[in-house]
Each structure stands twice: as structure tokens, then as C-alpha cells.
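Spelled out from the first residue to the last, the chains are:
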Protein chains: 2
Amino acid sequence: MTKRVTIADIAARAGLSKGAVSYALNGQPGVSESTRQRVLRMALEMGWHPNSAAKALSGARAGAFGLVLARSPATLGVEPFFMKLISGMESAMAATQTALLLQVVADHDVEIATYRRWWAERRVDGVFLIDLRCDDCRVPVLEELKLPAMVVGGPGHHGTLPGVWIDDAGVMVVVMEYLAALRHRRIARVAGVAGMLHTEVRTRAFEEVCARIGLDGTTVNTDYSPDQGAQVTRRLLSAATPPTAIVYDNDVMAVAGVSVAHEMGVDVPGELSIMAWDDSVLCEIVHPALTAVSRDIDGYGRHLAERLLALLDGQAVTDYENPPPRLVVRGSTARPTAGTV
Amino acid sequence: MTKRVTIADIAARAGLSKGAVSYALNGQPGVSESTRQRVLRMALEMGWHPNSAAKALSGARAGAFGLVLARSPATLGVEPFFMKLISGMESAMAATQTALLLQVVADHDVEIATYRRWWAERRVDGVFLIDLRCDDCRVPVLEELKLPAMVVGGPGHHGTLPGVWIDDAGVMVVVMEYLAALRHRRIARVAGVAGMLHTEVRTRAFEEVCARIGLDGTTVNTDYSPDQGAQVTRRLLSAATPPTAIVYDNDVMAVAGVSVAHEMGVDVPGELSIMAWDDSVLCEIVHPALTAVSRDIDGYGRHLAERLLALLDGQAVTDYENPPPRLVVRGSTARPTAGTV
DNA sequence: CGCGCCAACTGAACCGGATCAGTTTTCGGC
DNA sequence: GCCGAAAACTGATCCGGTTCAGTTGGCGCG
């Protein structure tokens, strides 16, 4: 029972050669249908699974995709985004018996070293590149290695690598027009890390809409941590003419923002409207519940994995834009009370 | 450049046989020190990394550990525990070039199937068993497969598999005595999933302390979701004589609890003290900040990985109890105001 | 009837390491 | 200067699959 079954065992029992069994198991021509059925039945009975190492050594595939996360464990842990993305990816990978290799590293240098090692070790068939930056130094490395990769983010700045993204700029317009319709005139944005493409895309869209509609908009960059989110909020609310609405680039900072407002005696949403980018239970459980940009992250992950699989099959994979996110309105946004405008 | 370097390449360039190169690279006797240095230098120059498949096929190791998470993506995403644990594990695994295979599944049946498949495919050298249950059906499977495993949790109910745990019962005493010292008499516990060992251990400790000190304690089980946390809180606070303190089994439910209190006009901590099991930024960013049981999860993960590595080296690995957690007191707990007791 | 062709199958090589049984070299001791 | 043992190294084999060049057998067809 504790003995692993190999195709040689099946071959012996079926009175066939290893080669024939291999053809039968892989749906290759070269064996009769009746033999194939017999072999398949035996394999099932004997509990055979292909040794992944042997498969990887002879065939082309390692049967695994890699994901490197270059963020602090603290940020990672509290942001639902990553786990949702991962489980989305896996739902697509499960069908093809592809595993996910996860590595949490400190910075991009270690991340690049990981890609090189994985490539040399033939450990993965492809990788997902996450947290795309403007002029990302990881892109040319993956191109040089010819390591199949799907970029989480875009459009642009991912060279020849295919990307999957969500139209952040488009939602930004919806968000800002919504806030403007509520009569907000001074709107602040507590953004994520400067240099990350999605941060820059949102910032540019934010500024364009502000200019177009004639709003007074400010963007402040942070490292996504609730600490910085709280600090920035304090500073914003302490200004002579504080904003009447703040848009946060993730849910955790938005929750921290609500907390600061409480602490400073600022009424939400009466004096201050708060919005979160990315919806999660977090947004629902705070009081007031947060209006949020809700993206289908599970689907995002699924598309990424499906396309990486297609890429390995030699199909031409083009960039893909996910369906646009929805604006989920909850209690944290409202028309500002007379005195505050 | 895009050609992968093998030991045959090194052998050819060094004028040696494959065998000699293998000995040199692995620190085995059989080659002179000067040759070894020369080979090592060449390997470095040529950017050689062992093909993980070939290594796994000939040697014993697959060079990977597996972790299966059988929880809903929603719960996983928002609980910082898992990501912290994972990055702790990896910090110990990085030194030995061991990768982490992550799989998110729906239930224990799929989880067990995953273990069997991994074992048959020789994909992993060992696994971490998480969310241990009383009389866990996964334990006998791993024992039968002789798949090296470290159990996250205990003590007890993990058969012959070594476990690493945190003394929840001990902290429960500290927590309850702290609340009792604040003059709380009616204390509720919003627990996690019934049947999970750590839930049961805490529940038992909770009841024992209540009986000993003479407190009025109630435990309600949930599925860890903020939804249920909120619902249970609403019910508890609607009782004729509501509790003056609630201890939640995770941070997310505690945050939801604060929200419900707000919504019902119950003052925290004046009328109701709230505590979270497991500390995270979440506890710090809500208002009031949550008093919490802070466990060193990173260290937890590190210990688990170190011990699994030791297990593979044939060392005798015994159970291990992590250092006791600390009680981090913040603004959400206080002596209840006169009227409420 | 015999030729050719194709389906069905075999045997061996191969992937890139580890490892072991031999073979050659080195070197110390007498 | 020669012997014997240890050190240094070679060549072959193995791990468990895939794949390809052959081999066999059966059948249709002229």
C-alpha cells in the first residue's frame, strides 16, 4: 500500500510494454481502444498517478506555476486581494493538475533571483507577475529567460508579456462623477505606492477628471499600510479647508481613515465621505459600512491562469481587460452637510 | 544564454565525468579539494542550478512542502493569520531551497485527495496540516501514506504526527482573570468552528475558568465569518442581561462586533468590553483599538518548517509548544460603568 | 496469392541528476 | 624503488516517465 505505482507496474500487470501504457494513459494514438480502456481501468484501480519529477524530466512541463509576492507579510496578510486572486487562479489550474508555487520575498532583487532559479531548476512552467511598476525591471528579465508569464496589471509597461487588467481609469471617472454629483468639491485620494502602474493610472485619471469637472483634488501616496493611511488622513483633516471626501486605494487604509475621523470627531458621512478601492468583508463590517469599488478578483485570477495555460499550449495570448468593476454604495458616502462645503 | 546549464556541460568544460562533478557539487568525498573549488567556480560562472525534476527523480527529495487550505477564499483573505504563517514558514525554508506548494480547496475530502495525489506524484516531501480537528480524519491518511507532516495545533488528536502549538488554554486563564479583575461577571465568547481543536481547547479552558472564579460565561460557535460574528453579537446584546464583555476567536469578528455595538448604541468599552484572539493591524485601526491576544505567528510558521526539515533529515522530532502569547491591552476593554453591572 | 499499408505494439534511448562498482593515480612507508 | 592502500576519478546504471525507430500481424485490394 505504501508502495508507489509506476507505469512499469501497470505494464507488467497488463502484459504490455511501458511505451504502450504511456500511450494509453496520455490519449496518444498507438494503442487500440480496448487496450486503452483496460489500462485506464487498471491505473485507476492501482491508484496510479504520474511521478511529477519523471514527467517534468522527460516531457516539457513541470506542472506548476509560480507566484512571487514582494510585499511585507503584514500588508499581505491583511489585504484580502492576494488570497482571493490566488484561489481564483487555482480554480482554473485545478483542472489541469497544475500546482501553485508561492514565494514571499523582501524585494525585487530577491524576486528576480527567484525567477532565475526557478527557470534554471525548471521548477515552474510559467509565472504570474504581480504589482506591475512603470518601467518594471522584472519584465526584461522574464523576457530574456523566455519564461512564460502573465502580467497582473496594465495596460502598458509589460513589454512583450501578455497582461490582464481591470480598467481602473474608467471606474475612476464613475467614482468621481458620483462624488461630484453628491456636491463634493474638495476630494483627496490616499493612493498606494508611487511607481506602481495601477497607482499611476488611477492618479492620472483622478487628475484628469478633477481638471475636467473642475474639482479640487489632491493625491497623497502611501505604502498601503493602515499606519500611513491613518497619518495621511489626520493631516488631510487638519488642513484649513479639509476635503469633504477621501478615496483610499485599499480597504485597510479606508477603515483606518474611518477610525481617524471618529477619533477627530469628524462625522462620516456627514462631514466626510469615505470610499475604498477594492471591496471585502472589511468594508461591510465597519460602521458606517464603506462605499467601495468592487472588482471581481476571483475572476481576475481565473483569467490569468487560463491565459497562462493557453500560452503554454502555444496559443497566441493577447492582452485582456476584465469586465469593469462596480461601484457598491454603502453608508460612508453622502452629500456633505451644508456647513462643511 | 537561454540554454540551461547541466552538470554534463560543466563536466565537459572541466574535463571531468558527470559523476565527479556531481560529487564536487554536493560536497561528497571522491574529488580533490582543488577540483571541487574549480567545479564550484565554474558552476557559479555558468549559472548552474540543479534541475529540480532530475534531482527529485534520482535523489529522495522533491524540494517542496505542501500546504492545503480548506477554507472559503473570503475567510482566508481577510484573516492575516494564514499569510503570516506562510511567510514564517518560508523564512525557514528559503535556506534549504525548499519551495511551498499552496492549494486552496473546498473541503476535507478534496484536501485528502490532494495529499494522496501529492504523495503518488512525489510532488512534496512533506505537508503542514492546518486547522486540526478533534478526531481529524486527515491524520490517519497521512500516517498511512507515511507522508512526513507537521501538525499546526495540538496538543493531542494528531496521532503519531508531531505537532507545534500555542498554549491557548493558558492564555485563556490570563484573559479571563484580566476581565474578572476589571469586574466583569457576564462574559460571552464568540468562538470559531465547533470541532476544531483550538476552538474546543479554548472553550474548555473558558468554562473551567468561569466555574473556578464564578463567572457567568456563554460560548457561541460560528464559522469565523464577520457575518456570523455580527449576528451573534446582536443576539447577545439583545438579551435581557447582556454580557459586559465579549471575547472573539478572531480579529475580523471582533471588528464586526465593535460595529454592531456602535449600531446598537452600546458604548465600547463603557458598557461592553471587546477582545480579539489574534492581533493584527485590524485591531489597531478600528476605534477603539482592540485589546487582543498577540501570538508570534511568524515564529510559529518558522518552527513548523524547521521541524519538518528536521523530520526529513531523520531526526527525532517531538512536539513543541511555542512561547506563550501576550495580552495586548488597548482601548476596547475597561471596567464596566456602574449601571451596566 | 501476395503486396502494401496501417494499426498495434515493442525496445531502446533520453531527460539530468545521484550513486556505486570499478579503475587509475597518488603517495607514504619501508 | 617498490608495494599497498587510500584518494581521485570514470563509466554505467537507475529513477519513471516520454518518444521514436522498428517489428509484428492483420486486412484490403489488385
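You'll find the structure just up there.
If you're wondering where the values come from, they're calculated on a predicted model, not measured in any experiment.

Points about the overall build of chain A
Along its length, chain A carries 14 helices and 12 strands. Expected size for 341 residues packed as a compact globule is a radius of gyration near 20 Å; at 25 Å, chain A overshoots this value by more than 25%. Expressed as lengths along the three principal axes of its C-alpha atoms, the size of chain A is roughly 90 × 40 × 30 Å. In chain A, buried positions account for 56% of the 341 residues.

As for the sheet that holds strand β11 (residues 320-321) of chain B
Taken together, 12 strands build an open sheet; the order of strands is β11(A)-β5(A)-β4(A)-β3(A)-β1(A)-β2(A)-β2(B)-β1(B)-β3(B)-β4(B)-β5(B)-β11(B) and the sheet is mixed. Strand pairing shows two members of the sheet lacking a second neighbour, β11 (320-321) of chain A together with β11 of chain B, which therefore form its edges. With 2 bridges joining them, strand β4 (residues 149-152) of chain A and strand β5 (residues 163-165) of chain A adopt parallel strand pairing. Note on β5 of chain A: the bridge partner recorded for Val151 of chain A is Gly163 of chain A. Helix α7 (residues 108-121) of chain A rests against β1 (64-69), β2 (99-104) and β3 (126-129) of chain A of the sheet, and its axis sits at about 165 degrees to β1 of chain A. Lying over the sheet, helix α14 (residues 297-312) of chain A contacts β1, β3, β4, β5 and β11 of chain A, oriented at roughly 155 degrees with respect to β4 of chain A.

Thoughts on the sheet that holds strand β10 (residues 291-294) of chain A
All names here are of chain A. Pairing within the open sheet is mixed, and its 6 strands lie in the order β7-β6-β8-β9-β10-β12. Bordering the open sheet on either side are β7 (216-221) and β12 (326-328), each of which pairs with just one other strand. Across the sheet, the mean angle separating the axes of adjacent strands is 20 degrees when strand polarity is ignored. In terms of strand pairing, β10 meets β12 through 3 bridges, oriented antiparallel. Paired with Ser294 across the strands is Arg326, a residue of β12.

Concerning the relation of the copies chain A and chain B
The transformation that overlays chain A on chain B combines an axial shift of 0.0 Å with a rotation of 180 degrees, and the residual RMSD is 0.1 Å. Put plainly, the chains are arranged around a two-fold axis. Both copies contact each other with a shared surface, as 100% of the interface residues of chain A are interface residues in chain B too.

Describing the protein's contact with DNA strand C
Not every one of the 27 residues close to DNA strand C is listed here, only the nearest: Ser17 of chain A together with Ile7, Ser22, Tyr23 and Asn26 of chain B. Atoms of DNA strand C within 4 Å of the protein belong to the sugar or the phosphate in 56% of instances, the rest to bases. One nitrogen or oxygen atom from the main chain of Leu57 of chain A is found 3.5 Å from a base oxygen belonging to DNA strand C. Contact between DNA strand C and Asn26 of chain B: a phosphate oxygen at 2.8 Å from a side-chain N or O atom of the residue. Counting only elements with at least two residues in the surface near DNA strand C, the list comes to α2 (18-25) and α4 (52-58) of chain A together with α2 (18-25) and α4 (52-58) of chain B. Its residues assigned to classes, the surface near DNA strand C comprises 12 nonpolar, 13 polar and 2 charged.

Re the protein's contact with DNA strand D
Around DNA strand D, a shell composed of 27 residues is seen, among which Ile7, Ser22 and Tyr23 of chain A together with Ser17 and Ser32 of chain B lie nearest. Within 4 Å of the protein, atoms of DNA strand D come from sugar and phosphate in 55% of cases. In this structure, a phosphate oxygen belonging to DNA strand D sits 3.3 Å away from a side-chain N or O atom of Trp48 of chain A. Leu57 of chain B places a polar main-chain atom, nitrogen or oxygen, 3.5 Å from a base oxygen of DNA strand D. For the surface near DNA strand D, the secondary-structure elements that each account for two or more residues are α2 and α4 of chain A together with α2 and α4 of chain B. Of the residues contributing to the surface near DNA strand D, the split by class is 12 nonpolar, 13 polar and 2 charged.

A few points about the state of the cysteines
Taken as a whole, this structure holds 0 disulfides over all chains when the rule is applied. The thiol of Cys134 of chain B is not disulfide-bonded; the next cysteine sulfur, from Cys137 of chain B, is found 12 Å away.

Looking at α14 of chain A
Residues and elements named next belong to chain A. End to end, α14 covers 23 Å across 16 residues, agreeing with the expected 22 Å (1.5 Å per residue, within 8%). Taken together, the buried positions of α14 are Ile297, Gly299, Tyr300, Gly301, His303, Leu304, Ala305, Arg307, Leu308, Leu309 and Ala310. Where α14 is buried, its residues contact β1, α6 (80-93), β3, β4, β5 and β11.

Let's talk about the packing of aromatic side chains
In total, this model carries 4 aromatic pairs over all chains according to the counting rule given. Ring geometry for Phe81 of chain A and Phe82 of chain A: centres 5.5 Å apart, planes at 90 degrees, overall edge-to-face. Judged by relative accessible area, Phe81 of chain A falls into the buried class, the value being 12%. In this arrangement the basic side chain of Arg189 of chain B is found over the ring face of Phe206 of chain B, its NZ or CZ atom lying 5.8 Å from the centre.

Re the environment of Phe128 of chain B
Residue and element names in this part refer to chain B. Note that Phe128 resides in strand β3 (residues 126-129). Put simply, Phe128 and Met89 are 39 residues apart on the chain and 9.8 Å apart in space, counted from C-alpha to C-alpha. Setting aside residues no more than four positions away along its own chain, Phe128 makes contact with Phe65, Gly66, Leu67, Met89, Met93, Leu100, Tyr115, Met150, Val152, Leu304, Ala305 and Leu308.

Section: the nonpolar core
Leu272, Ile274 and Leu290 of chain A together with Leu272, Ile274 and Leu290 of chain B are the most contacted members of the largest nonpolar core, which totals 63 residues. What Leu290 of chain B contacts, discounting residues up to four positions off in sequence, is Ala254, Val255, Val258, Ile274, Ala276, Cys283, Val328, Arg330 and Ser332 of chain B. The next biggest cluster of nonpolar side chains, apart from the first, holds 60 residues, and it includes Leu69, Phe82 and Met150 of chain A together with Met93 of chain B.

Focus: unusual backbone geometry
Working note: non-glycine residues mostly have negative phi, and peptide bonds are mostly trans. Residues and elements named next belong to chain A. Here the amide bond leading from Gly154 into Pro155 is cis, since omega sits at -5 degrees, within 30 degrees of zero. When you line up the elements, Pro155 lands in the loop between β4 and β5. For the bond running from Val268 to Pro269, omega is 10 degrees, close enough to zero to count as cis. Its place among the elements puts Pro269 in the loop between α12 (251-263) and β9 (273-277). With phi around 60 degrees, Gln97 is a residue other than glycine that occupies positive phi space. The topology assignment puts Gln97 in the loop between α6 and β2.

Scoring rules and cut-offs
Residues numbered from 1 in each chain as written. Chains lettered and ligands numbered in written order. Predicted model: local features only at pLDDT ≥ 70, side-chain atom pairs only at ≥ 80, totals over all residues. Heavy atoms only, no water. Helix = DSSP H or I, 4+ residues; strand = E, 2+ residues; numbered from the N terminus. Rg over C-alpha atoms; globule rule 2.2 N^0.38 Å. Buried < 20%, exposed > 50% of the residue type's maximum accessible area, 1.4 Å probe, protein only. Pairing = 2+ DSSP bridges. Contact = heavy atoms within 4.5 Å. Axes fitted to C-alpha atoms, helices over the stretch in contact; angles between N-to-C directions. Least-squares fit on C-alpha atoms with pLDDT ≥ 70 in both. Near = heavy atom within 4 Å. Polar contact = N/O pair within 3.5 Å; in protein donor to acceptor, adjacent residues only side chain to side chain. Nonpolar A, V, L, I, M, F, W, Y, C, P; charged D, E, K, R; others polar. Disulfide = S-S within 2.5 Å. Expected span 1.5 Å × (residues − 1). Phe/Tyr/Trp six-rings, centres within 6.5 Å; stacked < 30°, edge-to-face > 60°. Lys NZ or Arg CZ within 6 Å of the ring centre and 35° of its normal. Core = buried A, V, L, I, M, F, W, Y, C linked by side-chain atoms within 4.5 Å.

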